[in-house]
Structure formats: C-alpha cells, structure tokens
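# Summary of the model geometry
Here's the letter readout for the chains.
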Amino acid sequence: MSNKDTHLHDRDIGSMKSTLSAFLFGKNANSHLPERVQSAIEKQQYESEKLIGWVQLLLVTIFASLYAISPKTVMSDGIHPVPWALGLYYLFTLKRLALTYRNKLSTWFLTASVIADIGLLMVLIWSFHIQYMQPASFYLKAPTVLYVFIFIALRSLRFDPRYILIAGGTAAAGWIILTGYVIWSEGGKSMITRDYVTYLTSNSILIGAEIDKIIAILLVTAVLTVAVMRAKRSFIRAVTDEIAARDLSRFVSPEIADRITHAEQQIRPGDGEAVNATVMFTDIEGFSSIAEKLAPKELATMLNEYFTETNAVISHFGGVITQFEGDAMLITFNAVTPDTDHALNAVRTALAIQELANRRIYSHGGQLKTRCGINSGEIVLGAVGSESRLTFTVHGDNVNIASRLEALNKEFGTYILATEDTVRACGNHDDIPAWTPRGDVTVRGRENPTKIFSLTPIKITGHTPVQDTARQTASRA
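This one's a predicted model, so the numbers in the text were calculated from it and none came from an experiment.

In this section: the nonpolar core. Ranked by internal contacts, the top residues of the largest apolar core, which has 46 residues, are Y139, V148, F151 and W175. Elements represented by at least two residues in this core include exactly α2 (35–69), α3 (81–101), α4 (107–126), α6 (147–154), α7 (161–185) and α9 (207–251). Every residue in contact with Y139, bar those within four places of it in the chain, is listed here: I125, W126, F128, H129, W175, L178, Y181 and V182. One finds I290, I314, A418 and I432 within the second-largest nonpolar core, a separate group that totals 38 residues.

This brings us to the packing of helix α12 (residues 296–316) against helix α13 (residues 342–359). It is the contact of α12 with α13, at a shortest axis distance of 9 Å, that shows an interaxial angle of 150 degrees. Considered as vectors, α12 and α13 are oriented roughly antiparallel to each other. Relative to α13, α12 is oriented so that their crossing is right-handed. On α13, the residues that touch E309, T310, V313 and I314 of α12 are T349, A352, I353 and L356. Residues of the contact of α12 with α13, tallied by class, amount to five nonpolar, two polar and one charged.

Here we take up the packing of aromatic side chains. Under the criterion given, the structure shown has seven aromatic pairs. Centroid distance W126 to Y181: 6.1 Å. Interplanar angle 70 degrees. Geometry classified as edge-to-face. Note that W126 is positioned in helix α4 and Y181 in helix α7, a separation of 55 residues in sequence. By relative accessible area, which is 28% here, W126 ends up partly exposed. Both rings, one in Y181 and one in W184, keep their centres 5.9 Å apart while their planes meet at 45 degrees; by these two values the pair is tilted. Pair noted here: Y181 and W184 are both in helix α7, with a separation of three residues, about one helical turn. Of the residues examined, Y181 reaches a relative accessible area of 27% and is grouped as partly exposed. Among the residues examined, W184 registers a relative accessible area of 66% and is labelled exposed.

This next bit is on a nonpolar patch on the surface. A cluster of nonpolar side chains, namely L58, I62, L66 and I69, defines an oily patch on the protein surface of about 410 Å² accessible area. In this structure, L66 sits in helix α2.

Reading guide: rules and limits
- Residues numbered from 1 in each chain as written.
- Predicted model: local features only at pLDDT ≥ 70, side-chain atom pairs only at ≥ 80, totals over all residues.
- Heavy atoms only, no water.
- Core = buried A, V, L, I, M, F, W, Y, C linked by side-chain atoms within 4.5 Å.
- Buried < 20%, exposed > 50% of the residue type's maximum accessible area, 1.4 Å probe, protein only.
- Helix = DSSP H or I, 4+ residues; strand = E, 2+ residues; numbered from the N terminus.
- Contact = heavy atoms within 4.5 Å.
- Axes fitted to C-alpha atoms, helices over the stretch in contact; angles between N-to-C directions.
- Parallel < 35°, antiparallel > 145°, perpendicular 65-115°, else oblique.
- Left-handed = near helix turned anticlockwise from the far one by under 90°.
- Nonpolar A, V, L, I, M, F, W, Y, C, P; charged D, E, K, R; others polar.
- Phe/Tyr/Trp six-rings, centres within 6.5 Å; stacked < 30°, edge-to-face > 60°.
- Patch = residues over 30% accessible without salt bridge, like charges linked within 9 Å, V, L, I, M, F, W, Y side chains within 5 Å.
- Areas by Shrake-Rupley, 256 points an atom, 1.4 Å probe, with all protein chains shown as cover.
- Salt bridge = Lys/Arg side-chain N within 4 Å of Asp/Glu carboxyl O.

In short, the description is geometric, and any link to function would need to be established separately.
Laid out in structure tokens, this is it:
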C-alpha cells in the first residue's frame, strides 16, 4: 500500500470514529476551551460534588437508621461489624464534604474516594454473614447491593464520565471478588446450584444470578457514561454560548444582546421591524483637536470616562446605545425597549448630558461639550450586513434626519436640535425649557424642508429636576 493510500485509509478511519463518536456522545465541543469556560465548568463540578456529598451523607444516615430499627441476631462474641463499617463511611463522607467546601478536593483524592465509596459498601455487604452468623453466600442475596446503582448514578451529577466508569468498574470488580470469596469459603462447587428455587430458599449459589448482577452494573455504568458524555458536551456548548452572550452585551447594549440571543429564529440580513421611536445622535465638539493632543492611552482613558458617565445617564432615562462610532453615539428610545414617553425621555437625556458636559472636567483637563440631534418617527430596527457579518442597528429616513441635525448644531451654535415631530411628541413639561424655532432647513440628502428647534438648558441657581437626576446618576457611575 502506497503512502497516499495509507493516508486515505487513516483519514477514512478517523472520519468513521468521529461519526461514531458524534452518534453516541453528541456533537463534540471545541477541543480548546478558553480558561474562563473551563473555570465555569469546574465551578459547576465543585457545586455538584457538594450535592453528591450531602446525598451520600443522607444515604448513610438512612441506612444507619434502618439498621438501628431492624431486628438483630444476638452474637456470642459481641462483634458487630455493620456499625463499624457505617461509622467509618460516615466519617469518610464528612471528611470529603469538608474538603469540597474548602475547594481542596484533588483529582487523586476524588478518585480514591469513589473507589472507597464502593469498597466500603462491599465491605458492609460482606459483613452481613458475620453480623447474622450465616454462611458467606448469605450476603449475595442482600438487597443492599441496590445501593451500588445509587452510588454510580450520583457520579453523573458531576458531568465527568471518568468517575462513573471508576464507580461502575469498582462495583463490578467488587461483586466478582465477593462471589469468588463465597465459592472459596464454602468449599468450592459444593454450594453451586442450577435450581432457581433452591437458590432462593437456601444458601446455595446461582452463578447465573451473580453474573446477571455484574452485567446489570456494567450496563447501567455504560448507559450513564454515554448519557453524561452527551450531556457534558451539551453543557460545554451551553456554557460557551452563555459566556459569549455575556461578552456580547459588553460590546453592544444588553437589550440588543438579549434580543439577539433570545430570538425565536436565527437573525438574517434584512430582518427588521418598523417602530415609532425617537433617535438621538451625539458627537463631542472639537474631538479631533482634543485627540491630536493626547497619547492613545490618554485618549482611551478619557473616552472611557465619558462613555461610562453618559451611558449611566442614557440608561436612567430608558435609552439604548445602539451603536458607537468613534466619539459619536446612536441612541434610541422605544426601539429596543418599550417607552411611551420616548420623545420626552430623549430630550431629558440630551439636557442631562449637557449638564454633565458643563460641570465635568475629564482626565485631559477640560470639558467635553456634546452636540445632540433628535428626531421622532417611524424607523426600522433590524440586522444589516451579510450572512457572515451582521450589525444590529436602526435605519431609515428619520434616522438620517437625526444624524444631520447633530451636524447642524455647529452651524447654529447650539448643542441640542430637534425636529417638530419630537417637539410635538415631547409636549410641555416644567423641566423642559422653551424651544427656540430655527426655521425650515433642507437637510442634506432630502428634498423637503424640515422644521427644526433648538433647546438651551436653563442656567439658574440650583438645578432643574433633569439636572438633579443627571448629577445623581453620573455620580453613581
């Protein structure tokens, strides 16, 4: 066979193994998991280990209670191995539970403890023939063997199939040893029978019955291993997706991230919905001149301070930062989250930002004056881009108008400009100053003129309600 044929043969075998693995255990997770994903999984496993410890403590308590209330056979030599075995296992379980809460449960100790769980249970079962002064074959009929399946099943809570295999393998080996001990101690084949009735009504040994128990242990172990492997891969994918969604909310607004991650169907380019909302564009006055004088790190620090404080104000009034572009922001009201007073809250946000700009001195040693353009009307909220790369944003003619108004502030020497639709929807409120008409302006890119208004914050001793809110919100940020 040539090297090429060998390579193709190995590739086919590898493909078959992958297909079989996916069929049995489900789709494989990423082979290289980020440290934070591994930490999240390890945290869950430690929490599961606490639950396992408490369940085992409950089991040994129940078993001890049942033993205490059950009738006993009086033994002449005074030897009572069952209480000793139960006491030893109780202390061992307490020790492991304490180590779990201290986060000191190492892999080797956990492996040893799983073996010890099954081992102590087997010793407990073995001691029955001494406790009740019966032949060794007596313990093979003890229903206590059913606890083996409970201990194996408990290991599935950790989402680590290794310990299920260890528990199941130890249990199967333990029962083989117990069966072999019976045959050895009772004189070999003399105790073996093939009569099921004789087996049930005497201390005889039915080899087939013991083989059935071993097969049952191994099959339960195999089924649980497959189930946990499938669940573990699904769990890893779920944890990875959850962390990705949490990280996504740091790059886009939490509201948009939640909308994307909880969409009933996969979002595709062009998917969107028309909503009646208010859009506000903001931009820092003279930002290019400020940036020119600062080192990149200083500029980043200043912008982080600015965005942190303005975001707190925007969130307070129910706005959502839909998009960042350099020092500019696209903010929406009633687009992502419901808001019946979206125009009013947009204006209050603009006033609060002005108050913040007038009093706050940032790390570069100066203020950051912010221009705002506001417009209300029907917009489209949805995904724009290609199948492989999307942006979730708002678009439409009313969005463009708000963008143009922000730029027109420079021409009028103002910091807040709004359309007639916004002014009308906003209404009259004590905390909103009087609007100043600026006439009809033909916004670039549109044929029909747009009636616009400017707003100047009231400069008086004390603060308006909006300014008080802005000060409190920014101080908390």
